[in-house]
Amino acid sequence: MNDNLTPHCADLASASSWNFALSILILIGILISYLPQHLRIISLKSSFGISPYFVLLGTTSTSSSLANILVLPRSIQDASCCREVDGLSCFSALLGILQVGVQWLCFFTILFLFVIYFPRATSTTTPDTSETSSKEGDGPTYRTALAVAGLSIVHIVVLFIISLVFELRNRSSLQAWANFLGILAAVLSSIQYFPQIHTTLKLRCVGSLSIPMMCIQTPGSLVFAGSLAARLGSEGWSTWGVFVVTAFLQGTLLFLAIYFEYFGPEKKEGQTHSADVVPNGSVEDREDHQTDDQPSEDTPLLQRQL
């Protein structure tokens, strides 16, 4: 170890292997936790049941969190130590930024899949971008999904430009700007789950939401918050506090999802969900099909696939 290290960089260089291993596990866990949601949307070829406002608030929240940790003076100080310490210690110093960055990338992947597989009212070869009504008559349209994607991209670009201006022109205000971004991320993440909770209650089914993802992320958010708190201290409350709020709200959504998937009224009556997602991205009412097309001896076995 270099004896000329600054005290802060010396602390980073002498960090315990246990903290490093835990940070690596959290980084991998964040990536793995989002994979069930990505795979569920892809396998169903539909994002039915996912609220566009949940996606919008989620992407803007994670973008704000990423901007927060990038401009946080403590993070800048950690990154500057890479000029004094070896590669492994530098990587360890940047793990907090990498963790938030991976989460941002994973949620933006959900945004991408949400738009690509958004249920259309017409055929899959001709996406319907007009203001057509959904199954409920007042649901979101494909134009809404495109607007969500556009606003999310504009949001991250604006945050990048403002942060760059603070970095180049007014570095003394970076802590205040970071605190604002942290509060913004906390507010957005707090509001984020209410539209999805409302959508799940209204549809009374899980749709394209992934229960395994929420099972991993609900306790994982608390572990992640603890890891960031240990790394950033009380000064980084605006960074790790976001994930504490997220954990409790996501836990509420997880409870509702499990109830409707396994213990809802339809399950108790031995019925299936009234609204199911089919591969072409549309919504199918099984009860209507059971009423209108009763099976008989002449019913083809592959009728549902024709």
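In this text, all values refer to a predicted model and were calculated from it rather than measured experimentally.

Trainee: Explain the overall build of the protein to me, using residue names and the numbers behind them.
Mentor: Within the protein, the secondary structure is distributed over twelve helices and two strands. Overall, the protein shows an N-to-C arrangement of helices and strands of α-α-α-α-α-α-α-α-α-α-α-β-β-α. Classification of the 306 residues of the protein by burial places 44% in the buried group. Here the contacts in the protein between residues at least 6 apart in sequence split such that 79% fall between residues at least 24 apart. Only carbon and sulfur atoms are counted for the fraction: they give 65% of the accessible area of the protein, which is about 15,900 Å².

Trainee: Which residues make up the packing of aromatic side chains, and what values do they have?
Mentor: Inspection of every chain in the model, using the stated rule, returns ten aromatic pairs. Between the aromatic rings of Tyr-259 and Phe-260, the centroid separation amounts to 5.3 Å while the plane-to-plane angle is 65 degrees, which identifies the pairing as edge-to-face.

Trainee: How would you explain the environment of Ile-211 if you had to name every residue and give the values?
Mentor: Here Ile-211 shows up in helix α9 (residues 211–232). On the basis of relative accessible area, Ile-211 is assigned to the buried category, the value being 10%. Each C-alpha atom, one on Ile-211 and one on Leu-253, is 9.4 Å from the other, the two residues being 42 residues apart in sequence.

Trainee: Go over the UniProt feature "transmembrane region" (unreviewed entry) in the protein, please, and point to the residues and values.
Mentor: Within the UniProt annotation, "transmembrane region" (unreviewed entry) is assigned to residues 20–36, 48–71, 91–118, 145–168, 174–194 and 240–260. Helix makes up 100% of residues 20–36 and strand 0%, and the two end C-alpha atoms of the span are 26 Å apart. The span residues 145–168 is 100% helix and 0% strand, and its two end C-alpha atoms sit 35 Å from each other.

Trainee: Outline a nonpolar patch on the surface, supporting the account with residue identities and numerical values.
Mentor: Judged by side-chain polarity, Ile-153, Val-157, Phe-160, Ile-161, Leu-164, Val-165 and Leu-168 come together as a nonpolar surface patch covering roughly 680 Å² of accessible area. Locating Ile-153 in the fold gives a position in helix α7 (residues 142–169). For Ile-153, a relative accessible area of 48% translates into the label partly exposed.

About the criteria used
- Residues numbered from 1 in each chain as written.
- Predicted model: local features only at pLDDT ≥ 70, side-chain atom pairs only at ≥ 80, totals over all residues.
- Heavy atoms only, no water.
- Helix = DSSP H or I, 4+ residues; strand = E, 2+ residues; numbered from the N terminus.
- Buried < 20%, exposed > 50% of the residue type's maximum accessible area, 1.4 Å probe, protein only.
- Contact = heavy atoms within 4.5 Å.
- Areas by Shrake-Rupley, 256 points an atom, 1.4 Å probe, with all protein chains shown as cover.
- Phe/Tyr/Trp six-rings, centres within 6.5 Å; stacked < 30°, edge-to-face > 60°.
- UniProt positions renumbered as here; feature names shortened; annotations may be inferred.
- Patch = residues over 30% accessible without salt bridge, like charges linked within 9 Å, V, L, I, M, F, W, Y side chains within 5 Å.
- Salt bridge = Lys/Arg side-chain N within 4 Å of Asp/Glu carboxyl O.

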